[in-house]
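# Results of the structural survey
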Protein chains: 4
Amino acid sequence: MSGSTLGELFRVTNFGESHGPAIGCVIDGCPPGMALSEADIQPDLDKRRPGTSRHVTQRNEPDVVEILSGVYQGKTTGTPICLLIRNTDQRSKDYGNIAESFRPGHADYTYWHKYGIRDPRGGGRSSARMTAPMVGAGAVARKWLGEAYGVCIRGCLTAIGEREIARDDWAQVGSNPFFAATAQGIAELEAYMDALRKSGDSVGARLYVEASGVPVGLGAPLFDKLDADIAKAMMGINAVKGIEIGAGFGCVAQRGSEHGDELTPEGFASNHAGGILGGIATGQDVAVSLAIKPTSSIRLPRRSIDLAGAPTMVETHGRHDPCVGIRATPIAEAMLALVLMDHALRHRAQCGDVRVLTPDIARQPSR
Amino acid sequence: MSGSTLGELFRVTNFGESHGPAIGCVIDGCPPGMALSEADIQPDLDKRRPGTSRHVTQRNEPDVVEILSGVYQGKTTGTPICLLIRNTDQRSKDYGNIAESFRPGHADYTYWHKYGIRDPRGGGRSSARMTAPMVGAGAVARKWLGEAYGVCIRGCLTAIGEREIARDDWAQVGSNPFFAATAQGIAELEAYMDALRKSGDSVGARLYVEASGVPVGLGAPLFDKLDADIAKAMMGINAVKGIEIGAGFGCVAQRGSEHGDELTPEGFASNHAGGILGGIATGQDVAVSLAIKPTSSIRLPRRSIDLAGAPTMVETHGRHDPCVGIRATPIAEAMLALVLMDHALRHRAQCGDVRVLTPDIARQPSR
Amino acid sequence: MSGSTLGELFRVTNFGESHGPAIGCVIDGCPPGMALSEADIQPDLDKRRPGTSRHVTQRNEPDVVEILSGVYQGKTTGTPICLLIRNTDQRSKDYGNIAESFRPGHADYTYWHKYGIRDPRGGGRSSARMTAPMVGAGAVARKWLGEAYGVCIRGCLTAIGEREIARDDWAQVGSNPFFAATAQGIAELEAYMDALRKSGDSVGARLYVEASGVPVGLGAPLFDKLDADIAKAMMGINAVKGIEIGAGFGCVAQRGSEHGDELTPEGFASNHAGGILGGIATGQDVAVSLAIKPTSSIRLPRRSIDLAGAPTMVETHGRHDPCVGIRATPIAEAMLALVLMDHALRHRAQCGDVRVLTPDIARQPSR
Amino acid sequence: MSGSTLGELFRVTNFGESHGPAIGCVIDGCPPGMALSEADIQPDLDKRRPGTSRHVTQRNEPDVVEILSGVYQGKTTGTPICLLIRNTDQRSKDYGNIAESFRPGHADYTYWHKYGIRDPRGGGRSSARMTAPMVGAGAVARKWLGEAYGVCIRGCLTAIGEREIARDDWAQVGSNPFFAATAQGIAELEAYMDALRKSGDSVGARLYVEASGVPVGLGAPLFDKLDADIAKAMMGINAVKGIEIGAGFGCVAQRGSEHGDELTPEGFASNHAGGILGGIATGQDVAVSLAIKPTSSIRLPRRSIDLAGAPTMVETHGRHDPCVGIRATPIAEAMLALVLMDHALRHRAQCGDVRVLTPDIARQPSR
């Protein structure tokens, strides 16, 4: 296996390393007949791209996607779609001083022990660059989900370090460098980030992503529950250390009389469940929060060992994100799309004939 | 698929419903030649069993496990091991008043919309009873991991509702009804729980589980990362709404200079990573926290709808857990064992020939 | 993995050994809402049962199936269906003289080398008894396929040893002990078999199985082609050594001008393809032939080695089939049903929205 | 799924169409540390290449392979290996007259009904060109199997049409255009093929492929048996309609006293089993025969229908193989390598600790 495939029916196999010739993915199982071109995919890649503001890594990759297969006369054929992205701006010399040691908090040590070999350039396979093909695949999934069910997916940051970020105006997400869904406090965040970058350190972030229009019924208990697969996909994103669905860790102190979302003919009275009950979508917004750890590649010297196990110091130079969480937003959106896509096909496989007369209350007009 | 199988190489397929004739699982891929009998499995099932204190549900199931296959002359044969547990104490009449409506916070509504049919007795397939076979399978995995690598797995509650529970004395876990790793404040917890049960409401909990002795190298990036598969397995446990690895959501406010665990010849200087970097085990303790929501089955009346969508009230009677988190501890231990077992086999499949001279610092004698 | 699961969406996991307490399977992914009871399954099991004529093994197992889960009020719930069959007539002493050696042509030697342990009683896991749960699962699949698409599956023997058997009257299949689709030559076959049994030897057989009403479009190239999955499932049946689709090995000498089945508005002009082109069903009858080797357990003495590798002689006594091919017919029908079922769900997952105006010529009234 | 992935642990995902920009595959799960470069792969691709003799299709593709990932400093890293092959010699106009009809014996009709869309150029995804990436992946597998276990794989044609071809001199395979393992009758075959090509028709073939040095124990009963997975992989090759293991259909008339291969301390006395018993390798040569149907693309006019279902005639021009079986030999070798590779990793995952004292008689020096 080796674990580079996500999904069962809408199956995405990712390949490539940070400084190899190219990165990409193969999407197998896409329904046929959907209009698709590079123009449907490139915008999402551009959102993720490094070098788009001074607050993110300064590697300048155009990330131009090429569709190598699976599309004929502008429509998906049902056969595998290969997306290819050539690497163009690898600066291998920036990483030269870490080939013989292991950066704390990074995968250098574990890749070395697992494989007995590692590509140290830019983190090799462990680089966040490997999320680019997933964003490409996510764009395909989002298109199909939008056309088939009217699903909308959107994400934003809700905290950078100890600074909370309000979520009160989604229209602002594209207007600031932080994917913040607010107009409040942007200037303060900019100053905070500038100071952080100068200090050479890094900080974590919290990210929120939601999907509306999700059809009731998606999810396959007991183990391929919708939230379980979302957790798996999100935890697979570089630097993620925590995941919550709905009220998440807030559930711990809640009472059942408060947490349980009551049902009415006009819809659910609340959404502490985050849109998922018993592992199956209720039709309400699927709401997910992620905890993203601070970047491991910082300019401050840190203790480590060398290949022989002797003590050494590590100091990373070159181009780095002081807060990787900022660029994770389009990635989390893409992963959510991929999981929903996979489950949409799985649900129709097993339950395509099911007809239920009980109203789908999450779709009531009054909501 | 239908999602009732966990794992790729140590593969567990779960079957059964709360009030059906029997529940169980089939374990496929267990290495041959390991001593195994019901006596290796029954103790873990007993820890999970309902009816063991007044603070958990009063359904009295002996949960006696029977091994139907895969063992010959006391040793595993490498062929599938079927574990069967007969249900004996189903009281269907306790659930009679919910067949025509949907309990808020429960899977009734979603199972109905997904399948167009549901077994309402005891929650049917969505019942926490379905964790019993997983605890059985987990016992098999724990035995092998312990014998092969010296892996130890243990869990405890770290919060019930708003009450934090210290983790300062693992020896206490079996001595109180809360799987609390402390001698402090047990009487207060008892009083708290008695009041809660009388009130008819429920509360959430936070659970901590760790594994020591985990071999460095387990995990298969990019998507079958060890933490991603742990997140998936844990989110599959009934009522789990959040998962953290290591520092978890505490990472958000951390600096990289603090979070990144430095390496020294004597071992890692800290374990904010929770034993996993880049999705691969470092050899340090794997540390996981779960958020468990308050039970949805409470005696307080709640608004809902009936099958036709008309408003109604729901009030659940019968035997229920006021805090399902209490009994989740052995379940979380089992799920962690299953994920580690699966990854142990996967790692040796791909990397069985790898030899690395760099010391495995997590195993240094000074630790 | 360990290989005891067949299928991706209609997934059957088989467990048990010939002389263990019970055998069975878990079916995961069955669509919900279908009427199902033991009465739908038992007849197929009875067809397969040992002891039904003097020409097959004389072990007398009632093979009574019990549904342990996945059915509520007589309908499938969409949750896993466990079928259990208790073993009652194990005569372990019949196998006593082979625990220390390896029967030629049997799996004793390979199981020993693979697992380092084997259950020698009745062949353990390698026994043809393990096909019984598959026949049970096949009955569930046949019911669904019949109700959903009008699929019919039937098989017969077309050769026993060097004796060809005509296929000219399907109505005869249940009227003779050979699943022969003819009234011709049955008495001669009986005499032939009596002589064979007395001689202590065994002979091979050729089996034919077909499915009509198969929806056009089933099959998932490149590797999960319908014929590829059929070949895999059939080769998984004990003693199968060859598989043909349509003209099979007869293709070798055919010309393309003869082999290629022409298309007309009234239907295909022939069916050399066996109902599958490019790995996808055409809608024509799917036609499969199997070669079944002669039983390895014979009463004639044969050379072998013991556990230490020293030469020894092996002579099997007890109850054996002189021609295992006779009872393979219901098994092959079941396996074909399972593959078609799995592919029916897979096809609707990916292509459920496809609408094609070109006529489905295999379904033309004139055929 | 969509079925474009072969294997569980050594997993190959194939993408591309005959006339798209490129074809290729992603190999996930390759053990790390093996020396690998394009030079290890290109020779096998060259053997498969079209245009290498007048008896095969005259499309002139250089089939130059490029490794895009998974290799660092000349060694496999354990991360996915992407092989890319650019298409350069597509002559779309050669296929222009079949966009509106369906070629008998080809996948045109089934792809149209399944997907509602098809790429008709060169057969699109159903083209035998899609075997090129598998030959590339097979080269990687062969290298590892050769270095790890000394496995050797070789194939040859044993019949073209009604003409049998002797298998008496493996050294001749590369010396004639037919992959014939004999010096006998080559000129007669050339004349036969020239006449066939002039006639515009095509003929089938029978192909034999064997692997020596296979470790005893490979295979995962009941359903992932080694022969079952071989059958699946081979049936997935374009135009294959039949598969035999060992004595194959010759088993039907054999007696058990003849078929069962006796065991002696010096080795097995025969190999009717084809190297596999109970689905597990014995250590003897794995012997497989395939039946390959005659090419469906012939110049003779044939009856068909158009997209509206009205009768029409089809006549294919352009570049075609009068006997596709000739070029199938390196493909069958590659598929056998891929299955053995996958099973080698699976076996060591589950049974890596097994130690058996009984001699591995297939490896005895006297053989």
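In the block above lies the structure referred to throughout.
In short, a report on the structure. Sequence order as written defines residue numbering, which begins from 1 separately in each chain. Chains and ligands are labelled by the order in which they are written, letters from A for the one and numbers from 1 for the other. Per-residue local features are limited, in this predicted model, to residues with pLDDT of at least 70; the limit for side-chain atom pairs, both in listing and counting, is 80 or more; totals at the level of whole chains, interfaces and linings are taken over all residues. Working from all heavy atoms in the structure, the side-chain values ignore hydrogens and water.

## Comments concerning the overall build of chain A
- When you go through chain A residue by residue, the secondary structure sums to 7 helices and 18 strands.
- Across its three principal axes, chain A shows a C-alpha extent of roughly 65 × 50 × 40 Å.
- Categorising residues by exposure relies on relative accessible area from a 1.4 Å probe, with only protein chains included: less than 20% of the type maximum marks a residue as buried, more than 50% marks it as exposed, and the intermediate range marks it as partly exposed. Split into buried and exposed, the 367 residues of chain A put 69% on the buried side.
- In what follows, residue pairs with any heavy atoms lying within 4.5 Å of each other are defined as contacts. Expressed as a percentage of contacts within chain A between residues at least 6 apart in sequence, the contacts between residues at least 24 apart total 71%.
- For chain A, the computed accessible surface area is about 10,500 Å², with 50% contributed by carbon and sulfur atoms.
- When charges are tallied, Lys and Arg are placed among the positive residues and Asp and Glu among the negative ones, while His and the ends of the chain are skipped. A charged residue contributes its charge at one atom only: NZ of Lys, CZ of Arg, CG of Asp or CD of Glu. Of the side-chain charges in chain A, 39 are positive and 41 negative, and the distance between the mean point of each set is 4 Å. Each helix corresponds to a stretch of at least 4 residues labelled H or I by DSSP, and each strand to a stretch of at least 2 residues labelled E; elements are numbered beginning at the N terminus. To measure how exposed things are, a 1.4 Å probe is used in the Shrake-Rupley method; for residues, cover is taken only from the protein chains shown.

## Details of the pattern of salt bridges
- Any Lys or Arg side-chain nitrogen found within 4 Å of a carboxyl oxygen on Asp or Glu counts as a salt bridge. Evaluation of the coordinates by the stated rule reveals 84 salt bridges over all chains.
- Measuring nitrogen to oxygen at the nearest pair gives 2.9 Å for the salt bridge that ties Glu 262 of chain B to Arg 303 of chain A. Of this pair, Glu 262 of chain B sits in the loop between helix H6 (256-259) and strand S12 (263-264) while Arg 303 of chain A sits in strand S17 (residues 302-305), each in a different chain.
- Exposure remark for Arg 303 of chain A: the relative accessible area of 38% places this residue in the partly exposed category.
- Between Arg 142 of chain C and Asp 44 of chain C there is a salt bridge, with its nearest N and O atoms 3.8 Å apart. In this pair, Arg 142 of chain C is assigned in helix H3 (residues 132-149) and Asp 44 of chain C in helix H1 (residues 42-48), connecting sequence segments 98 residues apart.
- Judged by relative accessible area, Asp 44 of chain C falls into the buried class, the value being 15%.
- Bridged by salt links that share partners, the residues Arg 48, Glu 61, Asp 63 and Arg 129 of chain A form one connected network.

## A closer look at the interface of chain A and chain B
- At the interface, 117 residues of chain A touch 117 residues of chain B.
- Simply put, the buried area is the total loss of 1.4 Å probe accessible area from both parts when two parts are fitted together. Interface of chain A and chain B: buried area, both sides summed, is about 9,300 Å²; carbon and sulfur atoms make up 62% of it.
- At the boundary of chain A with chain B, the tally comes to 10 salt bridges.
- For Lys 232 of chain A, the salt bridge is made with Asp 224 of chain B, and the minimal N-O distance between the two is 2.8 Å.
- Any N or O atom pair separated by 3.5 Å or less is treated as a polar contact, with the protein-specific requirement of one donor-capable and one acceptor-capable atom, and with residues adjacent in sequence counted only for side-chain atom pairs. Taken together, the links from chain A to chain B amount to 61 residue pairs in polar contact (both at pLDDT 80 or more).
- Sorting elements by how many residues they give to the side of chain A that touches chain B places helix H2 (residues 108-115) of chain A first, with 7 residues.
- Across the side of chain A that touches chain B, the residue classes tally to 60 nonpolar, 35 polar and 22 charged. Residues were grouped as follows: Ala, Val, Leu, Ile, Met, Phe, Trp, Tyr, Cys and Pro as nonpolar; Asp, Glu, Lys and Arg as charged; and all remaining residues, including Gly, as polar.

## A short note on the relation of the copies chain A and chain B
- When the copies are superposed, the least-squares fit draws on C-alpha atoms of residues that have pLDDT of at least 70 in both. For the pair chain A and chain B, the superposition axis carries a translation of 0.0 Å, the fit reaches an RMSD of 0.0 Å, and the rotation angle comes to 180°. On the angle and the small slide along the axis, the relation comes out as a two-fold axis.
- Both copies contact each other with a shared surface, as 100% of the interface residues of chain A are interface residues in chain B too.

## Looking at the sheet that holds strand S4 (residues 65-67) of chain C
Residues and elements named next belong to chain C.
- Whether two strands pair comes down to DSSP finding at least two bridges between them. Read across the open sheet, the 5 strands follow the order S1-S2-S3-S7-S4; overall the sheet is antiparallel. Both edges of this open sheet fall to strand S1 (5-6) and S4, since each of them pairs with a single strand only.
- Examined bridge by bridge, strand S3 (residues 22-28) and strand S7 (residues 81-86) share 6 bridges and lie antiparallel to one another. Its bridge partner being in S7, Val 26 is matched across the sheet by Cys 82.
- To get an axis, a line is fitted to the C-alpha atoms, and for a helix only the part in contact is used. The angle between two axes follows their N-to-C directions and goes from 0 to 180 degrees. H3 contacts S1, strand S2 (11-15), S3 and S7 of the sheet and is inclined by roughly 35° relative to S3.

## Topic: the sheet that holds strand S2 (residues 11-15) of chain D
Residue and element names in this part refer to chain D.
- Here 5 strands make up an open sheet; going across it, the order is S1-S2-S3-S7-S4 and the pairing antiparallel. Each of the sheet's edge strands pairs with one partner strand only, and the pair in question is strand S1 (5-6) and strand S4 (65-67).
- As paired elements, S4 and strand S7 (residues 81-86) share 3 bridges and run antiparallel to each other. In the sheet register, Ile 67 faces S7, and the bridge partner there is Leu 83.

## Considerations on unusual backbone geometry
Residue and element names in this part refer to chain A.
- Cis geometry is found at the peptide bond from Pro 221 to Leu 222, where omega equals 15°.
- Position of Leu 222 relative to the elements: it lies in the loop between strand S10 (205-212) and helix H5 (226-235).
- A positive phi angle, near 50°, is found at Phe 179, a position not held by glycine.
- Looking at the element boundaries, Phe 179 is found in the loop between strand S9 (163-164) and helix H4 (186-199).

## Points about the environment of Leu 338 of chain C
Residue and element names in this part refer to chain C.
- Of note, Leu 338 is situated in helix H7 (residues 325-351).
- Given a relative accessible area of 3%, Leu 338 falls into the buried group.
- For the pair Leu 338 and Arg 302, spaced 36 residues apart in sequence, the C-alpha separation works out to 37 Å.

## A word on the interface of chain B and chain D
- Contacts between chain B and chain D engage 16 residues on the former and 16 residues on the latter.
- For the pair chain B and chain D, the summed buried surface comes to about 1,200 Å²; carbon and sulfur atoms form 49% of the total.
- Ranking the residues of chain B by area buried against chain D places Arg 348, Ala 349 and Gln 350 of chain B at the top, with a combined share of 48%.
- Linking chain B with chain D are 2 salt bridges.
- Arg 348 of chain B is the salt-bridge partner of Asp 353 of chain D, the closest N and O atoms lying 2.9 Å from each other.
- Counting across the interface, chain B meets chain D through 11 residue pairs in polar contact (both at pLDDT 80 or more).

## A short note on the packing of helix H5 (residues 226-235) of chain B against helix H7 (residues 328-351) of chain B
Residues and elements named next belong to chain B.
- Look at H5 against H7: their axes get within 9 Å of each other, and the N-to-C directions meet at 145°. In terms of crossing hand, the pair formed by H5 and H7 is right-handed. The residues of H7 that touch H5, namely those facing Leu 226, Asp 229, Ile 230, Ala 233 and Met 234, are Ala 332, Met 335, Leu 336, Val 339, Leu 340, His 343 and Arg 346.
- Looking at side-chain class alone, the contact of H5 with H7 contains 9 nonpolar, 1 polar and 2 charged residues. Should the near helix be turned anticlockwise from the far one by less than a right angle, the crossing is left-handed, and should it be turned clockwise, the crossing is right-handed.

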